[in-house]
Amino acid sequence: MRIRKTRAEDLERVMAIYAGARAFMAATGNPNQWGPTHWPPEALIRSDIAAGNSYVCEEAGRVVGVFYFIQGEDIDPTYRRIEDGAWRKNGPYGVVHRLAGDGSVKGIGAFCLDWAFAQCGHLRVDTHGDNKVMQRLLQRCGFVHCGTIYVQEDPFPRLAYEKL
């Protein structure tokens, strides 16, 4: 597998992966994280691509996964306030959002998270409390639960994780 920046011509495939991820999440007990709002919207993905923050995971030349990645100082406003805990380290960090695979290749999530961590050495991620699949993946990849954050997209709290 390899990671590369998402290109405009990948948009249809990326949106199909997100549609499949919404169905998978609903089937595994997490219907509220992306389902009711059909998250993420195409306009946001187009913006991510234009800004150079959308990445795809390829296997044998085929797009099998997608995620958003950015790094820097105080880059995610939703992470400024954390409840029921605290971040383990201040300073620049990377963020992964909207991670999804098409289910055709085992290990896509871990591969993408490992790649992102290798870029910055300090990574933050959040997920819905019902997303047990993602929670297990984060724990397997060495992330530590740090507390609770809130996003603008919906009223559901998110479990915040960090890896140093």
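Report on the accompanying structure. (Residues numbered from 1 in each chain as written. Predicted model: local features only at pLDDT ≥ 70, side-chain atom pairs only at ≥ 80, totals over all residues. Heavy atoms only, no water.)

**So, the overall build of the chain**
Counting secondary structure elements, the chain contains 4 helices and 7 strands. Of the regular secondary structure in the chain, the N- to C-terminal order runs β-α-α-β-β-β-α-β-α-β-β. Whereas a compact globule of 164 residues would reach a radius of gyration of roughly 15 Å, the chain reaches 15 Å, a difference of no more than 12%. For the chain, the spread of C-alpha atoms along the principal axes amounts to about 40 × 30 × 30 Å. In the chain, buried positions account for 48% of the 164 residues. Contacts in the chain between residues far apart in sequence, at least 24 positions, make up 69% of those at least 6 positions apart. As displayed, the chain offers around 8,000 Å² of accessible surface, 52% of which is attributable to carbon and sulfur atoms. (Helix = DSSP H or I, 4+ residues; strand = E, 2+ residues; numbered from the N terminus. Rg over C-alpha atoms; globule rule 2.2 N^0.38 Å. Buried < 20%, exposed > 50% of the residue type's maximum accessible area, 1.4 Å probe, protein only. Contact = heavy atoms within 4.5 Å. Areas by Shrake-Rupley, 256 points an atom, 1.4 Å probe, with all protein chains shown as cover.)

**Observations concerning the packing of aromatic side chains**
Taken as a whole and judged by the stated rule, the model has 8 aromatic pairs. With centroids separated by 5.0 Å and ring planes inclined at 50°, the aromatic side chains of Tyr55 and Trp115 adopt a geometry described as tilted. Placement of the pair is Tyr55 in strand 2 (residues 54-59) and Trp115 in helix 3 (residues 108-120), with a sequence separation of 60 residues. Exposure remark for Tyr55: the relative accessible area of 10% places this residue in the buried category. (Phe/Tyr/Trp six-rings, centres within 6.5 Å; stacked < 30°, edge-to-face > 60°.)

**Some words on the packing of helix 1 (residues 11-27) against helix 2 (residues 42-51)**
Relative orientation of the contacting elements helix 1 and helix 2 amounts to 130°, with a least axis distance of 11 Å. Put simply, helix 1 runs oblique to helix 2. When the axes of helix 1 and helix 2 are compared, the crossing they make is right-handed. Facing helix 1, whose interface residues are Leu11, Val14, Met15 and Tyr18, helix 2 presents Glu42, Ile45, Arg46 and Ile49. When grouped by side-chain class, the residues that make up the contact of helix 1 with helix 2 number 6 nonpolar, no polar and 2 charged. (Axes fitted to C-alpha atoms, helices over the stretch in contact; angles between N-to-C directions. Parallel < 35°, antiparallel > 145°, perpendicular 65-115°, else oblique. Left-handed = near helix turned anticlockwise from the far one by under 90°. Nonpolar A, V, L, I, M, F, W, Y, C, P; charged D, E, K, R; others polar.)

**Focus: the pairing of strand 4 (residues 93-101)**
Of all 9 residues that make up strand 4, 8 are buried, and the element is covered over most of its length. Pairing of strand 3 (residues 62-72) with strand 4 involves 7 bridges; the strand directions are antiparallel. The residue bridging Gly72 from the neighbouring strand is Tyr93, located in strand 4. Across 2 bridges, strand 4 lies against strand 5 (residues 123-128) in parallel orientation. Within strand 5, the position partnered with Val95 by the bridge is Arg124. (Pairing = 2+ DSSP bridges.)

**Topic: the pairing of strand 7 (residues 157-163)**
Counting buried residues along strand 7, 5 of its 7 residues qualify, which places the element largely inside the surrounding structure. Looking at chain direction, strand 5 and strand 7 are connected through 6 bridges and run antiparallel. Residue pairing for strand 7: Arg124 is matched across the bridge by Glu162. Pairing geometry for strand 6 (residues 144-150) and strand 7, over 6 bridges, is antiparallel. Counted as the bridge partner of Thr148 is Leu159 from strand 7.

**Describing the side chain of His128**
Along the chain, the position of His128 falls in strand 5. If sequence neighbours within four positions are ignored, His128 has contacts with Asn30, Asn32, Gln33, Gln135, Phe156, Pro157 and Arg158.

Scope: geometric values only; no functional claims are made or implied.
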